[in-house]
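# What the coordinates show
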Amino acid sequence: MTRLGYLYEAYGYCNQGVHIILATGLTSGEADPEETEAGMISRRFSEDEVWRLIEGGELRDAPSVAALGLFQRCRGELDV
């Protein structure tokens, strides 16, 4: 687990933030969803797929988009 940064979700509006962590060497386990997560689908996305989702307006969550930018910035230093 490598810390990439810390971002505020809505700077100027609230002080809630998120840690951006790159986790490598993980394996998928069996899902154990809570009742409120029923029907949720979890799967891997390639980096190209994520960029297409952003460009198509399907992924608009600012911390997620910013996290992708931090990942790209740090990629060379991380050897991933």
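In short, a report on the structure. Since the model is a prediction, treat every value here as computed from it, not as a measurement. (Residues numbered from 1 in each chain as written. Predicted model: local features only at pLDDT ≥ 70, side-chain atom pairs only at ≥ 80, totals over all residues. Heavy atoms only, no water.)

### Observations concerning the overall build of the chain
Put simply, the rule reads: The way it works is that DSSP assigns letters per residue, a run of H or I at least four long becomes a helix, a run of E at least two long becomes a strand, and they are numbered from the N terminus. With C-alpha atoms as the basis for the radius of gyration, the globule rule is written as 2.2 Å multiplied by the number of residues raised to the power 0.38. Using a 1.4 Å probe on the protein chains alone, a residue whose accessible area is under 20% of its type maximum counts as buried, one over 50% counts as exposed, and one in between counts as partly exposed. Contacts between residues were defined by any pair of non-hydrogen atoms, one from each residue, lying within 4.5 Å. Residue-level accessible areas treat just the shown protein chains as cover; the underlying method is Shrake-Rupley with a 1.4 Å probe. The charged-residue count follows a simple rule in which Lys and Arg add positive charge and Asp and Glu add negative charge, with His and chain termini not counted at all. Charge coordinates come from a single atom per side chain, which is NZ of Lys, CZ of Arg, CG of Asp or CD of Glu.
Summing up its helical and strand segments, the chain has 2 helices and 2 strands in all. What you see in the chain, going N to C, is helices and strands ordered as β-β-α-α. Here the chain has a C-alpha radius of gyration of 15 Å; the compact-globule value for 80 residues is 12 Å, and the former is much larger. Evaluated residue by residue, the chain yields a buried proportion of 14% over its 80 residues. Pairs at least 24 residues apart make up 35% of the contacts formed inside the chain by residues separated by at least 6 positions. Counting every atom, the chain has about 6,900 Å² of accessible surface; 49% of that belongs to carbon and sulfur. Of note, the chain has its 7 positive side-chain charges centred 8 Å away from the centre of its 14 negative side-chain charges.

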